[in-house]
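# What the coordinates show
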Amino acid sequence: MAINLNGRHFLRLEDFTPEEIQYLLDLSADLKRLKRAGVKPRNLEGKNVALIFEKASTRTRCAFVVACVDEGAHPEYLGKGDIQLGKKETVKDTARVLGRMFDGIQFRGFKHETVEELAKYAGVPVWNGLTDKYHPTQVLADFQTVIENFGRLKDIGFAYLGDGRNNMANTLMIGAAQMGMDFRIVAPRSLFPEKDLVHAAERYAKESGARITLTEDVEKGVKGADVLYTDVWASMGEEAEMAARIKLLKPYQITMKMMKATGKESPIFLHCLPAFHNHDTEVSREVGAMEVTDEVFESKHSKVFDQAENRLHTIKAVMVATLGVR
Ligand code: CP
Ligand code: NVA
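Structure report, in brief.

### A closer look at the overall build of the protein chain
The helix and strand tally for the protein chain stands at 12 helices and nine strands. The C-alpha atoms of the protein chain give a radius of gyration of 19 Å, which matches the 20 Å a tight globule of 326 residues would have. Considered along the principal axes of its C-alpha atoms, the protein chain spans approximately 55 × 45 × 40 Å. With 326 residues in all, the protein chain has 56% of them scored as buried. Restricting the contact set of the protein chain to residue pairs at least 6 apart, pairs at least 24 apart contribute 76%.

### What to know about the sheet that holds strand 5 (residues 157-161)
Reading across from one edge, 7-6-5-8-9 is the order of the five strands in this open sheet, with parallel pairing throughout. One side of each edge strand has no neighbouring strand; the edge strands of this open sheet are strand 7 (211-215) and strand 9 (268-271). Going across the sheet, the axis of each strand differs from the next one's by a mean of 20°, ignoring polarity. Pairing of strand 8 (residues 227-230) with strand 9, which is carried by four bridges, proceeds in the parallel orientation. For Thr 230, the partnering residue across the bridge sits in strand 9 and is His 271. Sitting on the sheet, helix 6 (residues 167-178) is in contact with strand 5, strand 6 (182-186), strand 7 and strand 8, with an inclination near 160° to strand 6.

### Topic: the site of ligand 1
Residues in contact with ligand 1, as listed here, are Ser 57, Thr 58, Arg 59, Thr 60, Arg 108, His 135, Gln 138, Cys 272, Leu 273 and Arg 311. Contact between ligand 1 and His 135: an oxygen atom at 2.8 Å from a side-chain N or O atom of the residue. At 2.9 Å from a nitrogen atom of ligand 1 is found a main-chain nitrogen or oxygen belonging to Cys 272.

### Side note on unusual backbone geometry
A cis amide bond links Leu 273 to the next residue, Pro 274, at an omega of 0°. Here Pro 274 lies in the loop between strand 9 and helix 11 (294-297). Backbone geometry places Arg 42, a non-glycine residue, at a positive phi of 55°. Positionally, Arg 42 belongs in the loop between helix 1 (18-36) and strand 1 (48-53). Within the chain, Leu 273 stands out as a residue other than glycine whose phi angle is a positive 65°. Here Leu 273 is to be found in the loop between strand 9 and helix 11. Exposure remark for Leu 273: the relative accessible area of 11% places this residue in the buried category.

### Some details on the site of ligand 2
Leu 130, His 135, Asn 166, Asn 167, Asp 231, Val 232, Ser 235, Met 236 and Leu 273 make up every residue found near ligand 2. Side-chain polar atom of Asp 231 to a nitrogen atom of ligand 2: 2.6 Å apart, as the coordinates give it. Residue classes in the shell around ligand 2 are distributed as four nonpolar, four polar and one charged.

### Some details on the packing of aromatic side chains
Tallied over the full model, the rule gives seven aromatic pairs. Members of the aromatic cluster, connected to one another through ring pairs, are Phe 158, Tyr 160, Phe 183 and Tyr 229. The side chain of Arg 8 reaches across the aromatic face of Phe 16, ending 4.6 Å from its centre. Above the ring of Phe 110, the side-chain terminus of Lys 55 is found at 4.6 Å from the ring centroid.

### Topic: the pairing of strand 2 (residues 74-79)
Here six bridges tie strand 1 to strand 2, and the two strands are oriented parallel to one another. From the neighbouring strand, Phe 53 faces strand 2, where its bridge partner is Gly 79. With respect to chirality, the unit in which strand 1 leads through helix 2 (residues 59-70) into the neighbouring parallel strand 2 is right-handed.

### With respect to the environment of Val 198
With respect to the helices, strands and loops of the structure, Val 198 is situated in helix 7 (residues 195-208). Overall, Val 198 belongs to the buried group, its relative accessible area being 9%. Sequence-wise, Val 198 and Asn 170 are 28 residues apart; in three dimensions their C-alpha atoms are separated by 8.7 Å.

### What about the pattern of salt bridges?
For the structure shown, the criterion picks out 18 salt bridges. The salt bridge partner of Asp 15 is Arg 12, with a shortest N-O separation of 2.9 Å. Given the relative accessible area of 26%, Arg 12 is considered partly exposed. Among the charged side chains, a network of salt bridges with common partners joins Lys 35, Lys 40, Asp 70 and Lys 316.

### Quick notes on the side chain of Asn 167
Within the secondary structure layout, Asn 167 lies in helix 6. At 3.1 Å, the side chain of Asn 167 and the backbone oxygen of Thr 131 are in polar contact. Once residues within four sequence positions are removed from consideration, Asn 167 is found in contact with Leu 130, Thr 131, Asp 132, Lys 133, Tyr 134, His 135, Asp 231 and Ser 235.

### Concerning the nonpolar core
Counting 61 residues, the largest nonpolar core has Leu 172, Phe 183 and Met 319 as its most contacted members. With eight residues, helix 12 (residues 304-323) is the largest single contributor of residues to this core. Setting aside residues up to four positions removed in sequence, Leu 172 forms contacts with Val 139, Asp 142, Phe 143, Phe 158, Tyr 160, Phe 183 and Tyr 229. Residues Val 218, Val 222, Val 232 and Met 258 belong to the second largest nonpolar core, which totals 27 residues.

Analysis parameters
Residues numbered from 1 in each chain as written. Chains lettered and ligands numbered in written order. Predicted model: local features only at pLDDT ≥ 70, side-chain atom pairs only at ≥ 80, totals over all residues. Heavy atoms only, no water. Helix = DSSP H or I, 4+ residues; strand = E, 2+ residues; numbered from the N terminus. Rg over C-alpha atoms; globule rule 2.2 N^0.38 Å. Buried < 20%, exposed > 50% of the residue type's maximum accessible area, 1.4 Å probe, protein only. Contact = heavy atoms within 4.5 Å. Pairing = 2+ DSSP bridges. Axes fitted to C-alpha atoms, helices over the stretch in contact; angles between N-to-C directions. Near = heavy atom within 4 Å. Polar contact = N/O pair within 3.5 Å; in protein donor to acceptor, adjacent residues only side chain to side chain. Nonpolar A, V, L, I, M, F, W, Y, C, P; charged D, E, K, R; others polar. Phe/Tyr/Trp six-rings, centres within 6.5 Å; stacked < 30°, edge-to-face > 60°. Lys NZ or Arg CZ within 6 Å of the ring centre and 35° of its normal. Right-handed = clockwise from strand over helix to strand, strands pointing away. Salt bridge = Lys/Arg side-chain N within 4 Å of Asp/Glu carboxyl O. Core = buried A, V, L, I, M, F, W, Y, C linked by side-chain atoms within 4.5 Å.

It is worth stressing that arrangement in space is one thing and function is another; only the former is reported here.
So, in structure tokens, the structure goes:
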């Protein structure tokens, strides 16, 4: 049966079958080709899209805005401090108001329950642009980048190093399990993902033939990996943890030695960004590189800006698939 995602929310990868995820990745590749060819199909002509942001964003915000404009929709940015959400008005009431005015709603914020509550009451598609638990639009872009480099997801060796229990690690683990990858979390035991999520990943892996490994051992974790992936050591909202994490995670910093230890000829480096790879940001001024060395970040292995561009095409695919004209 033909896949039709019209009217669906995009909150977690668990809500989608591997075929539906592949459909979004294929659509994204098509939309990327069209954009490169200068074709603007305007699949979202006349639609209005609300973009709610409780946390800061460069890529996600810009991807939603540019995708809307490319496809003929109007994006409305609703930042922290702009609306009453959670302060003077409940999430449920906000959802019902925005749902009367907008055709789709993006939410980025803290609690995953908030985006679920919005989806429950909005009556229009709601898209998760990052919560403390999941970052599913990012993982679509990550997978598109893997496909661009290796032609497939199945059996790709994918090692995620660092904070193994944040939104990126959680979403990558579930997505990799669904898509049949050889996925490793390489992190200290205290930062392994929560048990329920690991069990869910193992259930998907049985279906797809994926392998899911959790290890503290860097050498074992990166051996045979085609992709080394990392993220910041303290996520938005966890800034107070930073000093402790720097101590704990230093052995998991991605270095050129680690890229070589994969044993692969052309392994790639991925990072959802923003990244601390030098002294040149306000936060990293004192410490310098954290989760990845500048050498790796700037090397030929690094595909992070292809990955960042793919946020646009994958987010566009999610909006077109769930909201587009039929
Ligand atoms: N990767 C990502 O979500 O980036 P932003 O926080 O800039 O949106
Ligand atoms: N884990 C990071 C991802 C940023 C895109 C954070 O939540 O801050």
